[in-house]
Amino acid sequence: MWKKDSSEGSDRFEYLQTLVTEFQDTDSEEAKEQVLANLANFAYDPNNMENLRELQVPDLFLDMLTEENANFVEFGMGGLCNLSMDPECRDVILQGNGISLVTNCLSNQREETVLSAITTLMNLTTPSSRAEITDPAILQCMLRFSLSESPRLRSLAAVFLQDCCSQEQVARAEQQMQGQQSAVGIPLPKD
């Protein structure tokens, strides 16, 4: 039994390594999108976390957040969202300037990307990162999202405000927003 599990783990690592190598070697945007989508899906399985960390996939996903290709950004953000549930991956993301990169995705036009960014910020919240994640500009953005017509965006923003922020922080952000039409110029995403 142990031998089978060990071989399975080795096969899994080799397959993930093949995906990462394919991403690095191909010039085809479409092939890269497919690989990123696959890696993001594999990031959902806790059994893959150690292999993905070893292959530096969190850094690959972080790099995708500044790409022009909207699919690269969406799949990179989705992958980070999945990885951020793992404490060790969370630390890698935090050390890789992840909060700033993820926060920039709050202004993305794709709702899926924004939802993944909000969820990732919640998962990245630790005692040492809380102050940066609950920055007034982010809180104002979440307050705007909580007024969105999109039920998913509205609900997730409300959960962020409830779970990551104190009532005092939310009240301060609401006060700062009074009279303003938009928070930090962040538009609401399109469907």
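As a reminder, the structure under discussion sits directly above these lines.
A brief look at the structure comes next. Keep in mind it's a predicted model, so treat the numbers as computed, not measured.

## Quick notes on the overall build of the chain
Link 1 in the chain: Scanning the chain from terminus to terminus reveals 12 helices and 0 strands.
Link 2 in the chain: The helix and strand sequence of the chain, counted from the amino end, reads α-α-α-α-α-α-α-α-α-α-α-α.
Link 3 in the chain: For the chain, buried positions account for 47% of its 191 residues.
Link 4 in the chain: Look at the contacts in the chain between residues 6 or more apart in sequence, and 69% of them connect residues 24 or more apart.
Link 5 in the chain: Of the roughly 10,300 Å² that the chain leaves accessible, carbon and sulfur atoms contribute 46%.

## A look at the side chain of Ser129
Link 1 in the chain: Along the chain, Ser129 turns up in the loop between α8 (111–124) and α9 (130–133).
Link 2 in the chain: Polar contacts involving the side chain of Ser129 include one to the main-chain carbonyl oxygen of Leu124, which spans 2.7 Å.

## A closer look at the state of the cysteines
Link 1 in the chain: Counted under the stated rule, the structure contains 0 disulfides.
Link 2 in the chain: The cysteine Cys165 is free of any disulfide, with Cys164 supplying the nearest cysteine sulfur at 5.8 Å.

## Topic: helix α2 (residues 29–42)
Link 1 in the chain: The end-to-end C-alpha distance of α2, which contains 14 residues, comes to 20 Å, matching closely the 20 Å that a straight helix rising 1.5 Å per residue would cover.
Link 2 in the chain: Here α2 has its buried residues at Ala31, Lys32, Glu33, Val35, Leu36, Leu39 and Ala40.

## Concerning unusual backbone geometry
Link 1 in the chain: One non-glycine residue, Gln56, adopts positive backbone phi at about 60 degrees.
Link 2 in the chain: Residue Gln56 is classed as exposed on the basis of its relative accessible area of 51%.
Link 3 in the chain: The backbone phi angle of Asn97 is positive, close to 65 degrees, even though this residue is not glycine.
Link 4 in the chain: Mapped onto the elements of the fold, Asn97 is located in the loop between α6 (87–95) and α7 (98–104).
Link 5 in the chain: Here Asn97 falls in the partly exposed class, since its relative accessible area comes to 45%.

## Quick look at the pattern of salt bridges
Link 1 in the chain: Enumeration over the complete set of coordinates arrives at 7 salt bridges.
Link 2 in the chain: Put simply, Arg12 and Asp45 hold a salt bridge, and the shortest N to O gap is 3.3 Å. In this pair, Arg12 sits in helix α1 (residues 2–25) while Asp45 sits in the loop between α2 and α3 (49–54), placing the two residues 33 residues apart along the sequence.
Link 3 in the chain: Arg12 gets classed as partly exposed once you look at its relative accessible area, which sits at 26%.
Link 4 in the chain: For Asp45, a relative accessible area of 24% puts it in the partly exposed group.
Link 5 in the chain: Among the ionic contacts, a cluster of salt bridges with common partners joins Arg53, Asp86 and Glu88.

## Let's talk about a negative patch on the surface
Link 1 in the chain: Taken together, the side chains of Glu29, Asp59, Asp63, Glu67 and Glu68 make up a negatively charged region of the molecular surface.
Link 2 in the chain: Topologically, Glu68 is positioned in the loop between α4 (57–64) and α5 (70–83).

## What to know about the nonpolar core
Link 1 in the chain: Membership of the largest hydrophobic core comes to 55 residues, with the highest contact counts inside it found for Leu39, Ile118, Met142 and Phe160.
Link 2 in the chain: Sort the elements by how many residues they give to this core and α8 lands first, with 7 residues.
Link 3 in the chain: Among the domains, domain 1 (4–133) and domain 2 (135–183) are the pair contributing at least three residues each to this core.

## Some remarks on the packing of aromatic side chains
To describe a pair of aromatic rings, one takes the distance between the centres and the angle between the planes.
Link 1 in the chain: Summed over all chains, the structure comprises 2 aromatic pairs.
Link 2 in the chain: For the pair Tyr15 and Phe42, a centre-to-centre distance of 5.6 Å together with 65 degrees between the ring planes defines the contact as edge-to-face. Placement of Tyr15 in helix α1 and of Phe42 in helix α2 is noted, with a sequence separation of 27 residues between them.
Link 3 in the chain: Among the residues examined, Tyr15 registers a relative accessible area of 42% and is labelled partly exposed.
Link 4 in the chain: Lying across the ring of Phe23, Lys32 places its NZ or CZ 4.3 Å from the centre.

Here is what the cut-offs are and how they apply
All residue numbers refer to positions counted from 1 along the written sequence of the respective chain. Per-residue local features of the predicted model are confined to residues with pLDDT of at least 70, and side-chain atom pairs are confined, for both listing and counting, to 80 or more; whole-chain, interface and lining totals are unaffected and use all residues. Excluding hydrogens and water, the side-chain values take into account all heavy atoms of the structure. Helix and strand definitions follow DSSP, with helices as H or I runs of at least four residues and strands as E runs of at least two, each counted in order from the N terminus. Think of it in three bands: with a 1.4 Å probe and only protein chains considered, a residue is buried below 20% of the maximum accessible area for its type, exposed above 50%, and partly exposed in between. Residue contacts follow a heavy-atom distance rule, with two residues in contact if any of their heavy atoms lie within 4.5 Å. Here the open area of atoms and residues is found with the Shrake-Rupley method and a 1.4 Å probe, where only the protein chains shown may cover a residue. We define a polar contact as two N or O atoms separated by no more than 3.5 Å, with the added condition that, inside protein, one atom must be a possible hydrogen donor and the other a possible acceptor, whereas residues neighbouring each other in sequence contribute only through side-chain atom pairs. The disulfide definition used here is simple: a pair of cysteine sulfur atoms within 2.5 Å. Helix span, as expected, comes to 1.5 Å for every residue beyond the first. Salt bridge, as used here, is a side-chain nitrogen of Lys or Arg placed within 4 Å of a carboxyl oxygen of Asp or Glu. Residues forming no salt bridge and having over 30% relative accessible area are the ones grouped into patches, like charges within 9 Å of each other and nonpolar side chains (Val, Leu, Ile, Met, Phe, Trp, Tyr) within 5 Å. Charge counting treats Lys and Arg as positive and Asp and Glu as negative, with His and both chain ends excluded. Where a charge sits is defined by one atom per residue type, namely NZ (Lys), CZ (Arg), CG (Asp) or CD (Glu). In this text, buried Ala, Val, Leu, Ile, Met, Phe, Trp, Tyr and Cys residues form a nonpolar core when linked through side-chain atoms within 4.5 Å. For each domain, the first and last residues come from an automatic or database assignment. A pair of Phe, Tyr and Trp rings is counted when the ring centres sit within 6.5 Å of each other, with Trp represented by its six-membered ring. The angle between the planes then sorts it: under 30 degrees is stacked, over 60 is edge-to-face, the rest tilted. The rule is short: NZ of Lys or CZ of Arg within 6 Å of the ring centre and within 35 degrees of the ring normal puts a charge over the ring.

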